[in-house]
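These are the residues of each chain, in order.
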Amino acid sequence: MLLSGKGKHRRPSKAVRVVTLAGVTGAAVAAPLMAAGSASAASVSTWDAVAQCESGGNWSINTGNGYYGGLQFSQSSWAAAGGTQYASRADLASKGQQIATAEKLLAMQGPGAWSCAGAGNLTAGGSAADVDTSGSPATPEKAAPKKAAPKAAPAPQRESAPASRGESRPAPVKTGDGEYKVKAGDTLGSIASAHGVKGGWEKLFELNKDVVKDANLIYVNQQLHLS
């Protein structure tokens, strides 16, 4: 995810994307942009791996948490890296356009801009990804891979929407009794990767369906089973 005027695209810890009181996937903290250094780029397969961890590989995702697209850009980072030449938000741009913008951000901030950089072996330097930036904006039907995370429900009502930063969720959230307690910044993808869950986030979601109703929404202090 990306930065605000005061901060980096990166989230506050190695596990990313849950708010302090009630978490949602894709949350990041802000830190200032660094000046662009030497050219940095990565292959399409590397960006695909990062996106799989960041958003379940859904290049059109917008869960309403302030981060957009497969690589979870914040609006300020999308604009700072030149993404608005393609679309007003990352989720409205094509996969190729998002990758082209991500490579500019990579040159500005380095791989630390993504907490999922390790999952995709994203590093600074390398040849530019061979992508087509002239394509039409991605849509969930065309852009999501076969094993994408469940699509977010359109325009949820206020009482069921995930809580924003500093805001508590009014509806009760099931806690569960698993061995892993969700922390600020966690996603199913990052938890599965960090703990070597065979089957990845899909398996983790299946193991905790009684607690996690939407793979895109997990909450601080929920206790998840890892096996």
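None of these values were measured; they are calculated from a predicted model.

Asks: In this structure, what is going on with the side chain of Thr46? I would like to understand it.
Replies: Along the chain, Thr46 falls in helix H1 (residues 44-55). For Thr46, a relative accessible area of 15% corresponds to the buried category. The contacts of Thr46, once residues within four sequence positions are left out, are Gly120, Asn121 and Leu122.

Asks: I would appreciate a short explanation of the pattern of salt bridges in the present structure.
Replies: Opposite charge on two side chains permits them to pair, given that their charged atoms come into close proximity. For the coordinates displayed, the defined rule picks out 2 salt bridges. Salt-bridge contacts for Asp48 lead to Lys95; the nearest nitrogen and oxygen are separated by 2.8 Å. Of this pair, Asp48 sits in helix H1 while Lys95 is found in helix H3 (residues 95-109), placing the two residues 47 residues apart along the sequence. With a relative accessible area of 28%, Asp48 lands in the partly exposed category. Residue Arg89 pairs with Asp91 through a salt bridge whose shortest N-O separation is 2.9 Å.

Asks: Help me understand unusual backbone geometry in this model?
Replies: The general pattern is negative phi for most residues beyond glycine and trans for most peptide bonds. Notably, Gln72 is not glycine yet its phi reads approximately 50°, a positive angle. Look at Asn221: it is not a glycine, yet its phi comes out positive at around 80°. When you line up the elements, Asn221 lands in the loop between helix H6 (200-207) and strand E4 (223-224). Its relative accessible area of 44% is what places Asn221 among the partly exposed residues.

Asks: Would you mind going over the state of the cysteines with me for this structure?
Replies: What we call a disulfide is simply a covalent bond connecting the sulfur atoms of a pair of cysteines. Within the structure shown, the criterion is met by 1 disulfide. Note that Cys53 is cross-linked by a disulfide to Cys116, the S-S spacing being 2.1 Å. Because the sign of the S-S torsion sets the handedness, a value of about -60° for the bond joining Cys53 and Cys116 places this disulfide among the left-handed ones. Residue Cys53 is located in helix H1, and its partner Cys116 is located in the loop between H3 and helix H4 (140-143); the two are separated by 63 residues in the primary sequence. Among the residues examined, Cys53 registers a relative accessible area of 11% and is labelled buried.

Asks: Looking at this structure, how should I read the nonpolar core?
Replies: In globular proteins that are soluble, nonpolar side chains generally tend to be buried together. In terms of nonpolar packing, the biggest core is built from 25 residues, with Trp47, Leu71, Phe73, Leu105, Trp114 and Leu122 touching the most fellow members. Contributions of two or more residues to this core are made by H1 and H3. In this structure, Tyr180, Leu188, Phe205 and Leu224 belong to the second largest nonpolar core, which totals 15 residues.

Asks: For this particular structure, what's the right way to read the packing of aromatic side chains?
Replies: A ring pair, where both rings are aromatic, is described by two values, the distance of the centres and the angle of the planes. One pass over the full model with this rule turns up 2 aromatic pairs. Centre to centre, the rings of Trp47 and Trp114 are 5.2 Å apart; their planes meet at 70°, and the pair counts as edge-to-face. Here Trp114 lies in the loop between H3 and H4 and Trp47 lies in helix H1, a separation of 67 residues in the sequence. Comparing Trp47 with Trp114, the two get one shared label, buried. A ring pair is formed by Phe73 and Trp78, whose centres lie 5.0 Å apart and whose planes are at 75°; its orientation type is edge-to-face. By the burial criterion, Phe73 is buried, and Trp78 matches it.

Asks: Hey, could you run me through the environment of Gln223 in this one?
Replies: Examined against the element boundaries, Gln223 turns out to sit in strand E4. For the pair Gln223 and Val212, spaced 11 residues apart in sequence, the C-alpha to C-alpha distance is 10.0 Å. Not counting chain neighbours up to four residues away, the residues in contact with Gln223 comprise Thr175, Gly176, Asp177, Gly178, Tyr180, Lys181 and Asn208.

Asks: What is the right way to read the packing of H1 against H3 from this model?
Replies: Think of two packed helices as two axes; the pair is described by the angle between the axes and how far apart they sit. Where H1 meets H3, the axes come as close as 11 Å, and the angle between the chain directions of the two elements is 90°. The angle between the axes of H1 and H3 places the two elements in the roughly perpendicular class. Contact residues: H1 offers Val44, Trp47 and Asp48, while H3 offers Lys95, Ile99, Ala102, Glu103 and Leu106. Of the residues belonging to the contact of H1 with H3, the class tally is 5 nonpolar, no polar and 3 charged.

Rules behind the numbers
- Residues numbered from 1 in each chain as written.
- Predicted model: local features only at pLDDT ≥ 70, side-chain atom pairs only at ≥ 80, totals over all residues.
- Heavy atoms only, no water.
- Helix = DSSP H or I, 4+ residues; strand = E, 2+ residues; numbered from the N terminus.
- Buried < 20%, exposed > 50% of the residue type's maximum accessible area, 1.4 Å probe, protein only.
- Contact = heavy atoms within 4.5 Å.
- Salt bridge = Lys/Arg side-chain N within 4 Å of Asp/Glu carboxyl O.
- Disulfide = S-S within 2.5 Å.
- Core = buried A, V, L, I, M, F, W, Y, C linked by side-chain atoms within 4.5 Å.
- Phe/Tyr/Trp six-rings, centres within 6.5 Å; stacked < 30°, edge-to-face > 60°.
- Axes fitted to C-alpha atoms, helices over the stretch in contact; angles between N-to-C directions.
- Parallel < 35°, antiparallel > 145°, perpendicular 65-115°, else oblique.
- Nonpolar A, V, L, I, M, F, W, Y, C, P; charged D, E, K, R; others polar.

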